[in-house]
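# Structural characterization, general
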Amino acid sequence: MTLLRLGYLVMLWVFVYSVVRVLRRDLYGTRITSRKGTVREKPAVAAAAPPASPARGGAPTAAAPPAPARSRASRLVVSEGPLRGTTLPLSSSAILIGRAPSCTLVLDDDYSSSRHARIFPSGDQWILEDLGSTNGTFIGAQRVTTPTPLTPGVQVRIGQSVVELQR
């Protein structure tokens, strides 16, 4: 009978310890692991340089081919929130935004979900999709409920952060 009591007591303390650990993690936030290539400044400078080249050319034939490239975004920039100034270069893969360490853009924000939203390429445009987040994803004041095409310069609010596509 004494062994049963001690076993029950040990199980009770293991439960209390796990509850305290979960509460502590919620209070102090998740650990953000830095991954190589998440925050880059050089692509932002490189992305800003190409639009100046066609302007110098002045020839109509030189200006015509870069026009589709100019309408296509080349980076995702966090313009408001704790990660303000963070730049992610856009490639052919999707960008997952949320609190989970496995996300491409990890937000340390109580108002964002673990896997909050996804921005992915589709043809010649980028699509924003809310992944069933609790607090929602907004373009301006409108909540995103279906996959929505994004254009450069449009601000997307995810929790306390605002991200936008830039050329």
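Our structure is the block above this text.
All of the points below concern the structure found in this document. In this convention, every chain numbers its residues from 1, walking through the sequence in written order. Per-residue local features of the predicted model are confined to residues with pLDDT of at least 70, and side-chain atom pairs are confined, for both listing and counting, to 80 or more; whole-chain, interface and lining totals are unaffected and use all residues. Only hydrogens and water are set aside; all other atoms, that is, all heavy atoms of the structure, feed into the side-chain values.

### With respect to the nonpolar core
Note on soluble globular proteins: their nonpolar side chains tend to be buried together. To be explicit about the condition: Among the buried residues, those of types Ala, Val, Leu, Ile, Met, Phe, Trp, Tyr and Cys that are joined through side-chain atoms within 4.5 Å form a nonpolar core. Relative accessibility under 20% of the residue-type maximum defines a buried residue, over 50% an exposed one, and the middle range a partly exposed one, all with a 1.4 Å probe and only protein chains included. Working definition: helices are DSSP H or I runs of at least four residues, strands are E runs of at least two. Numbering for both runs from the N terminus. It only takes one pair of heavy atoms within 4.5 Å for two residues to be counted as in contact.
One finds L76, I97 and L105 to be the most contacted residues of the largest nonpolar core, which totals 19 residues. Elements with a contribution of two residues or more to this core: β1 (75-80), β3 (95-98), β5 (117-122), β6 (125-130), β10 (155-158) and β11 (161-166). Dropping the residues within four chain positions of it, L105 is found in contact with L76, V78, L83, T86, L88, L96, I97, G98 and V163.

### A short note on the sheet that holds strand β4 (residues 105-106)
As a reminder of what qualifies: Two strands make a pair as long as DSSP finds a minimum of two bridges between them.
Pairing is mixed in the open sheet, where five strands are placed in the order β4-β3-β5-β6-β9. Two strands close off the open sheet at either side, each with one partner strand: β4 and β9 (148-150). Where β3 and β4 come together, two bridges link them in parallel fashion. Of the residues in β4, the one forming a bridge with I97 is L105.

Note that all results are geometric; they support no functional claim without further evidence.
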